[in-house]
Amino acid sequence: GIVEGGDQGRAALQILDLAEHLHGGESGLGNAAGRQRSQPADVLAAVGGLEIAFLVGVCLGAAARRLAILLDGFITSAAGLIAAGMQPLSAASMIAATRSPEPGHALVLEALGLEPLIDLGLRLGEGTGAALALPVVRSAVAILTDMATFDSAGVSGRAARLDDAVPVVADA
């Protein structure tokens, strides 16, 4: 991870400025000093790779099909942020599975307005956060779609009958 303000942070910002310059942008990717932000596709072209571009497409495709997508880790969340920049409505399809200890990941999730389902400080990769969060998502869906209501279970009138049957003792 890169800590902002440290030597690594300054080096990272210089690299982002160089990438931006090489791609002809004036986006302020590496300069938070008030330059105008670029379009998400410009950011992707400047500092993203094929993996992130693919994941942006997955996020946009899932949103277009009204499917939920689990963002697991910093890279998938960064792709989700770019997708949300391209199509703001896509963020509604995103679920943060976990938050990694990488400082940038918390910032990306904050920008997306997401809280992770689990926050165990995982840094394992390979989709472990999503694998742990998926049963939580499946359980939530089952509760919303399969759980009986009081009416459908035939218990809606039971509480009223119990109130009548239980004597109320008033303090004298």
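For the structure itself, consult the block above.
So, a few notes on the structure that sits alongside this text. In this text the structure is predicted, and so the values were computed from the model without any measurement.

### Concerning the pattern of salt bridges
- Counting across every chain of the model gives two salt bridges.
- With a closest N to O distance of 3.6 Å, Arg-99 and Glu-115 form a salt bridge. On the criterion of sequence distance, the pair formed by Arg-99 in the loop between strand S2 (94–96) and helix H5 (103–112) and Glu-115 in the loop between H5 and helix H6 (128–146) is long-range, its members being 16 residues apart.
- The exposed category is assigned to Glu-115, whose relative accessible area is 61%.
- A salt bridge links Arg-99 to Asp-119; the shortest N-O distance between them is 3.0 Å. Of this pair, Arg-99 sits in the loop between S2 and H5 while Asp-119 sits in the loop between H5 and H6, and the two are 20 residues apart along the sequence.
- Residue Asp-119 is classed as partly exposed on the basis of its relative accessible area of 43%.
- Here the salt bridges do not stand alone but share partners, grouping Arg-99, Glu-115 and Asp-119 into one network.

### Remarks on the packing of helix H4 (residues 74–86) against H5
- Between H4 and H5, the shortest axis-to-axis distance is 9 Å and the interhelical angle comes to 30 degrees. Judged by the angle between their axes, H4 and H5 are roughly parallel. Handedness of the H4/H5 crossing: left-handed. Contacts between H4 and H5 involve Phe-74, Ser-77, Ala-78, Gly-80, Leu-81 and Ala-84 from the first element and Gly-104, His-105, Val-108, Leu-109, Ala-111 and Leu-112 from the second.
- When its residues are assigned to classes, the contact of H4 with H5 shows eight nonpolar, four polar and no charged.

About the criteria used
- Residues numbered from 1 in each chain as written.
- Predicted model: local features only at pLDDT ≥ 70, side-chain atom pairs only at ≥ 80, totals over all residues.
- Heavy atoms only, no water.
- Salt bridge = Lys/Arg side-chain N within 4 Å of Asp/Glu carboxyl O.
- Helix = DSSP H or I, 4+ residues; strand = E, 2+ residues; numbered from the N terminus.
- Buried < 20%, exposed > 50% of the residue type's maximum accessible area, 1.4 Å probe, protein only.
- Axes fitted to C-alpha atoms, helices over the stretch in contact; angles between N-to-C directions.
- Parallel < 35°, antiparallel > 145°, perpendicular 65-115°, else oblique.
- Left-handed = near helix turned anticlockwise from the far one by under 90°.
- Contact = heavy atoms within 4.5 Å.
- Nonpolar A, V, L, I, M, F, W, Y, C, P; charged D, E, K, R; others polar.

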